[in-house]
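# Observations on chain architecture
Residues per chain, in single letters:
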Amino acid sequence: MTTTLQPRPEDNNNDSGAGPFTFFPGKPRWTRPDRVLTYAVSPTATADHLPPSAVRAALRSAFARWADVIPMRFVEAERYDAADIKVGFYLYTDGRCDGCACIDSDDDDDEGDCEGVLAHSSMPEKSGQIHLHAAHRWTVNLAADTAPLAVDLESVAAHEIGHVLGLDHSSSRSSMMYPFISCRERKVRLTTDDVHGIQELYGANPHFSFGAYFKQDILSRIQQMKKEKKKKTRGSSFWQLDE
Ligand SMILES: [Zn+2]
Ligand SMILES: [Zn+2]
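Fair warning: this is a prediction, and the values are worked out from it, not measured in the lab. Every chain is numbered on its own, with residues counted from 1 as its sequence reads. Naming scheme: in the order in which they are written, chains are lettered from A and ligands are numbered from 1. At least 70 in pLDDT is required for a residue's local features to be given in this predicted model, at least 80 for side-chain atom pairs to be given and counted, and no such filter applies to totals for whole chains, interfaces and linings, which use all residues. Side-chain calculation: all heavy atoms of the structure are included, whereas hydrogens and water are not.

### A word on the sheet that holds strand E7 (residues 119-121)
Within a beta sheet, neighbouring strands are joined by backbone hydrogen bonds and run either parallel or antiparallel to one another. As a reminder, the rule being used: In short, DSSP must find at least two bridges between two strands for them to pair. A run of H or I in DSSP becomes a helix once it reaches four residues, and a run of E becomes a strand once it reaches two; helices and strands are each numbered from the N terminus. For helices, the axis comes from a line fit to the C-alpha atoms of the stretch in contact; other axes are also lines fit to C-alpha atoms, and the angle between any two N-to-C directions lies between 0 and 180 degrees. Here, two residues are considered to be in contact whenever any of their heavy atoms come within 4.5 Å of each other.
The strand order across the open sheet formed by five strands is E3-E2-E4-E8-E7, and the pairing between neighbours is mixed. A strand with exactly one partner marks an edge of an open sheet, and here the two such strands are strand E3 (73-76) and E7. Taking the axes of each pair of neighbouring strands and ignoring which way they run, one obtains an average angle of 20° across the sheet. In terms of strand pairing, E7 meets strand E8 (residues 128-133) through three bridges, oriented antiparallel. Directly across from alanine 119, in E8, lies its bridge partner leucine 132. Docked against the sheet, helix H1 (residues 52-67) engages strand E2 (36-41), E3 and strand E4 (85-90), running at close to 155° with respect to E2.

### Considering the coordination of the zinc ion (ligand 1)
The test is simple: Here the term donor refers to an N, O or S atom within 2.8 Å of the metal (or 3.2 Å for Na, K and Ca), and because water is left out of the atoms, sites may appear incomplete. Throughout this description, buried means an accessible area under 20% of the type-specific maximum (1.4 Å probe, protein chains only), exposed means over 50%, and partly exposed covers the range between.
In the first shell of the zinc ion (ligand 1), the protein supplies His159 (NE2), His163 (NE2) and His169 (NE2), at 1.9 to 2.0 Å from the metal. Expressed as a motif, the donor residue spacing for the zinc ion (ligand 1) is H-x3-H-x5-H. By the burial criterion, histidine 163 is buried, and histidine 169 matches it.

### Digging into the pairing of E8
Burial analysis of E8 places six of its six residues in the buried class, which makes it a mostly covered element. Because side chains alternate across E8, one face comprises the buried residues Gly128, Ile130 and Leu132, and the other comprises Gln129, His131 and His133, equally buried. When E4 meets E8, the two strands line up parallel, connected through six bridges. Bridge pairing in E8 places isoleucine 85 opposite glycine 128. What sits between the antiparallel neighbours E7 and E8 is a turn of six residues.

### Here we look at the nonpolar core
This is how the line gets drawn: Residues enter a nonpolar core if they are buried and are Ala, Val, Leu, Ile, Met, Phe, Trp, Tyr or Cys, with the set joined through side-chain atoms within 4.5 Å.
Trp66, Phe74, Ile85, Leu132, Trp138, Leu165 and Ile198 are the most contacted members of the largest nonpolar core, which has 47 residues in total. Contributions of two or more residues to this core are made by E2, H1, E4, E8, helix H2 (153-165) and helix H3 (192-202). In terms of nonpolar packing, the next biggest core, distinct from the first, is built from 10 residues, Ala45, Ala83, Cys97 and Cys100 among them.

### Concerning the side chain of lysine 187
Quick note on the threshold: Charge counting treats Lys and Arg as positive and Asp and Glu as negative, with His and both chain ends excluded. Salt bridges are defined by distance alone: a side-chain nitrogen of Lys or Arg within 4 Å of a carboxyl oxygen of Asp or Glu. A 3.5 Å cut-off defines polar contacts: any pair of N or O atoms within that distance qualifies, except that in protein one atom must be a possible hydrogen donor and the other a possible acceptor, and neighbouring residues in sequence count only when both atoms are side-chain atoms.
Looking at the secondary structure, you find lysine 187 in the loop between strand E11 (180-182) and H3. In this structure lysine 187 is buried but unpaired, with glutamate 185 as the nearest side chain of opposite charge at 4.6 Å. Separated by 2.9 Å, the side chain of lysine 187 and the backbone oxygen of arginine 173 make a polar contact. Among all residues touching lysine 187, those that are not within four sequence positions of it are Ser155, Arg173, Ser174, Ser175, Met176, Tyr178, Phe180 and Ile181.

### With respect to the confidence of the model for the protein chain
Reading predicted coordinates in detail is not appropriate for stretches of low pLDDT. To be explicit about the condition: pLDDT gives the predictor's per-residue confidence on a scale running from 0 to 100.
Across the protein chain, pLDDT averages 84, with 81% of residues at or above 70. In this model residues 102-115 is a low-confidence stretch, pLDDT under 50, and it forms 30 contacts with partners more than four residues away in sequence or in other chains. Confidence drops under a pLDDT of 50 for residues 235-243, and excluding neighbours within four residues, the segment shows three contacts in the predicted structure.

### Observations regarding a nonpolar patch on the surface
Note the following rule: A patch consists of residues exposed above 30% relative accessible area that lack any salt bridge, with like charges linked at up to 9 Å and nonpolar side chains (Val, Leu, Ile, Met, Phe, Trp, Tyr) linked at up to 5 Å. Using a 1.4 Å probe, the Shrake-Rupley method yields the accessible areas, and only the shown protein chains count as cover for residues.
The grouping of Ile218, Leu219 and Ile222 at the surface amounts to a nonpolar patch, some 240 Å² of accessible area in total. Topologically, leucine 219 is positioned in helix H5 (residues 215-242). Here leucine 219 falls in the partly exposed class, since its relative accessible area comes to 40%.

### Comments concerning the UniProt feature "binding site: Zn(2+) 2" (unreviewed entry) in the protein chain
The cut-off we apply is this: UniProt positions are given in the numbering used here, feature names are shortened, and annotations may be inferred rather than shown by experiment.
The residues that UniProt annotates with the feature "binding site: Zn(2+) 2" (unreviewed entry) are His159, His163, His169 and Met177. Spanning 19 residues, the annotated positions come together in the fold, the maximum distance between their C-alpha atoms being 9.2 Å. Looking at where histidine 159 falls in the secondary structure, it is placed in helix H2. Tracing the backbone shows histidine 169 in the loop between H2 and E11.

What follows is the structure, given as structure tokens:
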């Protein structure tokens, strides 16, 4: 089953022409000179079955994914009202979100066909809003939550943070900014497409290097290939010796 994160099929405004990643019209981004954005999870708009500390941990981790690659810092605000980026769980019915009184209508994403919509968010830089739709079965631990329709909070949060920072959807399937995610899917690693897109807006984190960042991916791919080769070898010639 596929559910959309935030359908914007009409948006195809890739200013750069450099990749599947796209930006919002006018390429808005946060322009804070200190390169610090604060965020907070609403103390009232909560997902009742999830402990607030687990929600905060998932958000912290999702923000860190982006901070790894750009020279921006994301700091949890002490006061929710004072945060640049506000995160909350809101009921979403008939294309209307309970939390959207505070979002400009053009930043919103209520196009009517929203049955599968998991979340929506605002774009830079007037307001930072991430609204997770409260009716979904949000989880912070897919291994422990066996619900077939469970939705991984960190994966969706990481996608919405991409929007809040200025990325629109990508047509690259593996990208964080691809507009669809399956139930029980975990997708928290930025791809080269995401990294190129966000770095075009904010530049590169001085501690970031493509080689080091994607080394783990390359290593695990090599491991996988070795494993498959071994399996094949065993299957074709060694299985008789095992008997
Ligand atoms: Zn989206
Ligand atoms: Zn909303």
